Amino acid sequence: MRTTPAVIGLIAFVWAPSARATVVIDVRPASAPNSLSSPSYPAWRDNAIAALLNGSTSGGTPGQPSFYSQVPNNSSLPPAENIVSDFPSWRGRANPGATFGAAFAGEHGNRLAFGLLITRGAGDAPFRIADLSFVMTSNNPSFGFTFAPGSYDYSANFVGILFGPNGALGGGDDTFITTGANTQFVDAIVGRGTGTAPAALSSDPGPTDQNRLDAAALASGNYFLTGTYSLGSATGGATVFFGVPEPGTVTLSLVALAAGVVLARRRKVRAT
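Analysis parameters
Residues numbered from 1 in each chain as written. Predicted model: local features only at pLDDT ≥ 70, side-chain atom pairs only at ≥ 80, totals over all residues. Heavy atoms only, no water. Helix = DSSP H or I, 4+ residues; strand = E, 2+ residues; numbered from the N terminus. Buried < 20%, exposed > 50% of the residue type's maximum accessible area, 1.4 Å probe, protein only. Areas by Shrake-Rupley, 256 points an atom, 1.4 Å probe, with all protein chains shown as cover. pLDDT = per-residue confidence, 0-100. Contact = heavy atoms within 4.5 Å. Expected span 1.5 Å × (residues − 1). Pairing = 2+ DSSP bridges. Phe/Tyr/Trp six-rings, centres within 6.5 Å; stacked < 30°, edge-to-face > 60°. Arc of directions from axis to C-beta. Polar contact = N/O pair within 3.5 Å; in protein donor to acceptor, adjacent residues only side chain to side chain.

### What about the overall build of the chain?
The helix and strand inventory of the chain stands at five helices and 18 strands. Here the chain, with 272 residues, has 49% of them falling under the buried criterion. Just so you have it, the chain exposes about 11,500 Å², and 56% of that area is on carbon and sulfur atoms.

In structure tokens, the structure reads:
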């Protein structure tokens, strides 16, 4: 069954195709609400997908937990801003309703997500999400994982798109696929992205939830996350640093990792 989400149906933006025939994977990181339990997540996801289709770096209402804002590639964030929890928190702060406002009271932390837009060139054949894979790498071994081909399905999180008569993304004539077999061929895919974050749990040691959040941030240390998608011969990725002093030092971090110099305490990690 093919459906058109309301937030996408309003889009009339025409995404210019590549000058040469090729599949392009564009990856845009963003800090997301906890997709497993945060009440703002569905609205954030819709804002993310609309912004990615529009070529925008943000979307939604500023000052709300559902506001979508991209994190530039190779930028740095505090480790405390990438923690999910099973108690109320937001950007490393417990009791978020008191700190950020009433709209944040029911949030359960944040997870970096590597949003993506995949499009085919005019001369390329359609593709299918069943062939999409993802690899997360980090100098912290706790954060590395792989989603093999066959791991992804069409859904409200990863939307397949069939071009309309204009033969390009946008223009109001596209068909959006959010259900059905992951072997359906499409012309584009837009997704809120796969991501990961350490978890702070109410069962962790500590007298308060804030102590547990602080301990999770301290245990994760300084680290980077690099998310890379592959579809056939096409690849695309991005990197975000957490607590790393100077952006652009990923090469040094990878060398240290390969030499076995960078060590990190393993912690609970939540990936989606």
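### Some points on the confidence of the model for the chain
For any part of a model where pLDDT is low, the fine detail of the predicted coordinates should not be relied upon. In this model, the chain carries an average pLDDT of 86, and 82% of its residues clear a pLDDT of 70 or more. Note that residues 1-21 has pLDDT below 50 and, in this model, 42 contacts with residues that lie over four places away or in other chains. Segment residues 245-267 is flagged for pLDDT under 50; beyond a separation of four residues in sequence, or across chains, it makes 34 contacts in the model.

### Structural notes on unusual backbone geometry
The phi angle at Asn74 is positive, at roughly 65°, despite the residue not being glycine. Tracing the sequence through the fold places Asn74 in the loop between β3 (68-69) and β4 (75-77). Of note in the backbone geometry, Asn95 takes a positive phi value of approximately 50° without being a glycine. Inspection of the secondary structure puts Asn95 in the loop between β7 (93-94) and α3 (96-100).

### Remarks on helix α2 (residues 41-54)
Taking 1.5 Å per residue, 14 residues should reach 20 Å; α2 reaches 20 Å between its end C-alpha atoms and fits that length. Among the 14 residues that make up α2, 10 are buried, leaving the element largely enclosed by the rest of the structure. Restricting attention to buried positions, one finds in α2 the residues Tyr41, Trp44, Arg45, Asn47, Ala48, Ile49, Ala50, Ala51, Leu52 and Leu53. One or two residues past the end of α2 sits Gly55, with phi positive at roughly 75°.

### Brief notes about the pairing of strand β10 (residues 132-137)
For β10 and strand β16 (residues 223-231), the ladder comprises six bridges, and the chain directions are antiparallel. Bridged to Val135 within β16 is Thr228. Strand direction decides the pairing type here: β10 and strand β11 (residues 145-147), joined by three bridges, are antiparallel. By the bridge assignment, Phe134 is partnered in β11 with Phe147.

### A closer look at the packing of aromatic side chains
For the structure shown, the criterion picks out 13 aromatic pairs. Ring centres of Phe134 and Tyr229 lie 4.7 Å apart, and the angle between their planes is 55°; this geometry places the pair in the tilted category. Of this pair, Phe134 sits in strand β10 while Tyr229 sits in strand β16, and the two are 95 residues apart along the sequence. For the pair Phe134 and Tyr229, one class covers both residues: buried.

### Points about helix α4 (residues 209-220)
Taking 1.5 Å per residue, 12 residues should reach 16 Å; α4 reaches 17 Å between its end C-alpha atoms and fits that length. Among the residues of α4, those classed as buried are Arg212, Leu213, Ala216, Ala217, Ala219 and Ser220. Down the axis of α4, the buried set is contained in an arc of 165°. They therefore lie on one face. In this structure, the buried residues of α4 make contact with β5 (84-85), β6 (89-90), β7, β15 (188-200) and β16. Two residues or fewer after α4 comes Gly221, characterised by a positive phi angle close to 70°.

### What to know about the environment of Arg120
Here Arg120 lies in the loop between β8 (110-119) and β9 (127-128). Accessibility expressed as a relative area gives 17% for Arg120, which makes it buried. When the C-alpha positions of Arg120 and Thr22 are compared, they lie 5.9 Å apart, and in sequence the two are 98 residues distant. The residues contacting Arg120, other than those within four sequence positions of it, are Thr22, Val23, Ala125, Pro126, Phe127, Phe163 and Asp187. For Arg120, the side chain forms a polar contact with the main-chain oxygen of Asp124, separated by 2.7 Å. A polar atom in the side chain of Arg120 sits 2.6 Å from the side chain of Asp187.

### Some words on the environment of Ala181
Tracing the backbone shows Ala181 in the loop between β13 (175-177) and β14 (185-186). For Ala181, a relative accessible area of 42% translates into the label partly exposed. As for Ala181 and Ala130, which are separated by 51 residues in sequence, their C-alpha atoms are 8.6 Å apart.

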